[in-house]
Amino acid sequence: KIGDEKLDVIITSLPQLSDEHLLELRSKSDLLVCLDDSRRTEFSADIVIRGSIVPRLRECDPASESRFLLGKDYMVLGKQFQNFHDNNRVIRPDVKTILIAMGGSDNNDYTIKVMDSLDKMDIDKIEKIVIIGPAFNDAERFMNRKGFHFRYDVSNMAELMFEADIIIAGGGMILYELACVGTP
């Protein structure tokens, strides 16, 4: 909770905040910065940082009073990914681990589609790890599938990415994270 004292800068990474909440934060600071990866085109923020390379995620309202900082030059990565960037990444000739990561929610059920596809392949000796994000709906329906290991709402994503041989991932910020840790 923010007190009554006016702050110099507030930085939020919660783009789902309503305009009412953003206006409240803006009134309590000289500068409100919003880190965003949504398709929202207008904000009640002074600066909106959207690092996506996806063109439709870089759209913004030209009449907006917010200043938009767009594209890869503005991608903000967590320290855990930066720490793995300088590690010596070795690409093994044989795949031993596949990591599946479709984001925090996977509303389109891509995780299940990938799992179904992998089940059709002759790769029983390869460890298949599925990351279940914090906003997955009804993940229990597939978490008992044989041949897969499941991790829920992990805090060591950079480490899991670095240790995997290949990753099957959704689009978005994870693409930058993968590039940072060097895993194909």
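Peer 1: Got a minute to help me understand the pattern of salt bridges in this structure?
Peer 2: Note on pairing: side chains with opposite charge can pair once their charged atoms come close. Under the definition given, this model contains ten salt bridges. Note that Arg 50 and Asp 36 form a salt bridge whose closest N and O atoms lie 2.4 Å from each other. One end of the pair, Arg 50, is in strand S3 (residues 47-50); the other, Asp 36, is in the loop between strand S2 (29-35) and S3, and 14 residues separate them in sequence. The two residues Arg 50 and Asp 36 agree in class, both being buried. Put simply, Asp 109, Asp 138 and Arg 141 are held in one network by salt bridges that share partners.

Peer 1: In this structure, what is going on with the pairing of S3? I would like to understand it.
Peer 2: In the case of a regular strand, side chains alternate between the two sheet surfaces. In S3, alternate side chains face the same way, and those of Ile 47 and Ile 49 on one face and Val 48 and Arg 50 on the other are all buried. Pairing geometry for S2 and S3, over three bridges, is parallel. When the bridges of S3 are listed, Val 33 appears paired with Ile 47. Here S3 runs beside strand S4 (residues 67-70); their pairing, made up of four bridges, is parallel.

Peer 1: Would you take a moment to explain the packing of aromatic side chains for this structure?
Peer 2: One pair of aromatic rings is described through two measures. These are the centre distance and the angle between the planes. Under the counting rule described, the total for this entry stands at four aromatic pairs. Centroid distance Phe 142 to Phe 150: 6.2 Å. Interplanar angle 50 degrees. Geometry classified as tilted. The residues Phe 142 and Phe 150 share a single accessibility class, namely buried. Aromatic pair Phe 148 and Phe 150: ring centres 6.5 Å apart, planes at 40 degrees, arrangement tilted. Each member of the pair, Phe 148 as well as Phe 150, is classed as buried. Ring pairing ties together the aromatic residues Phe 136, Phe 142, Phe 148 and Phe 150, which thus form one cluster. The residue whose ring lies beneath Arg 89 is Phe 162, and the NZ or CZ to ring-centre distance is 5.4 Å. The aromatic ring of Phe 148 is capped on one face by Lys 128, whose charged end is 5.6 Å from the ring centroid.

Peer 1: Looking at this structure, how should I read the sheet that holds strand S1 (residues 7-12)?
Peer 2: Hydrogen bonds between backbone atoms are what pair the strands of a sheet, whose relative direction is either parallel or antiparallel. Across the sheet, which stays open at both edges, the four strands sit in the order S1-S2-S3-S4 with parallel pairing between neighbours. Taken across any chain shown, the strands that pair with only one partner, and hence form the sheet edges, are S1 and S4. Going from strand to strand, the sheet's axes swing by 15 degrees on average, the running direction of each strand aside. Across five bridges, S1 lies against S2 in parallel orientation. Among the inter-strand pairings, Val 9 is bridged to a residue of S2, identified as Leu 31.

Peer 1: What is the right way to read the pairing of strand S6 (residues 127-132) from this model?
Peer 2: For S6, the buried fraction is high: five of the six residues fall into the buried class. Note that strand S5 (residues 97-101) and S6 share five bridges and pair parallel. Opposite Ile 100, over in S6, you have Val 130 as the bridge partner. On the question of chirality, the crossover connecting S5 to the parallel S6 by way of helix H3 (residues 110-119) is right-handed.

Peer 1: Please clarify how the environment of Val 130 should be interpreted in this entry.
Peer 2: Locating Val 130 in the fold gives a position in strand S6. Considering only alpha carbons, one finds Val 130 and Ile 112, 18 residues apart in sequence, at a separation of 9.9 Å. Among all residues touching Val 130, those that are not within four sequence positions of it are Ile 100, Thr 111, Met 115, Phe 148, His 149, Phe 150 and Arg 151.

Peer 1: In this structure, what is going on with unusual backbone geometry? I would like to understand it.
Peer 2: Both trends apply: most residues other than glycine have a negative phi, and most peptide bonds are in trans. A positive phi angle, near 55 degrees, is found at Asp 106, a position not held by glycine. Counting through the fold element by element, Asp 106 comes out in the loop between S5 and H3.

Peer 1: Whenever I open this one, the nonpolar core confuses me. Can you help?
Peer 2: When a protein is soluble and globular, its nonpolar side chains tend to lie buried together. Within the largest apolar cluster, 19 residues are counted, with the highest numbers of intra-cluster contacts made by Phe 81, Leu 99, Ile 131, Met 157, Met 161 and Val 181. Taken together, the elements giving at least two residues each to this core come down to helix H2 (79-85), S5, S6, helix H4 (157-163) and helix H5 (173-181). Residues within four places of Met 161 in sequence aside, it is in contact with Phe 81, Arg 89, Leu 99, Ile 167, Ile 174, Glu 177, Leu 178, Val 181 and Thr 183. Among the nonpolar cores identified, the runner-up in size contains 16 residues, and Ile 100, Ile 123, Val 130 and Phe 148 belong to it.

Rules behind the numbers
Residues numbered from 1 in each chain as written. Predicted model: local features only at pLDDT ≥ 70, side-chain atom pairs only at ≥ 80, totals over all residues. Heavy atoms only, no water. Salt bridge = Lys/Arg side-chain N within 4 Å of Asp/Glu carboxyl O. Helix = DSSP H or I, 4+ residues; strand = E, 2+ residues; numbered from the N terminus. Buried < 20%, exposed > 50% of the residue type's maximum accessible area, 1.4 Å probe, protein only. Pairing = 2+ DSSP bridges. Phe/Tyr/Trp six-rings, centres within 6.5 Å; stacked < 30°, edge-to-face > 60°. Lys NZ or Arg CZ within 6 Å of the ring centre and 35° of its normal. Axes fitted to C-alpha atoms, helices over the stretch in contact; angles between N-to-C directions. Right-handed = clockwise from strand over helix to strand, strands pointing away. Contact = heavy atoms within 4.5 Å. Core = buried A, V, L, I, M, F, W, Y, C linked by side-chain atoms within 4.5 Å.

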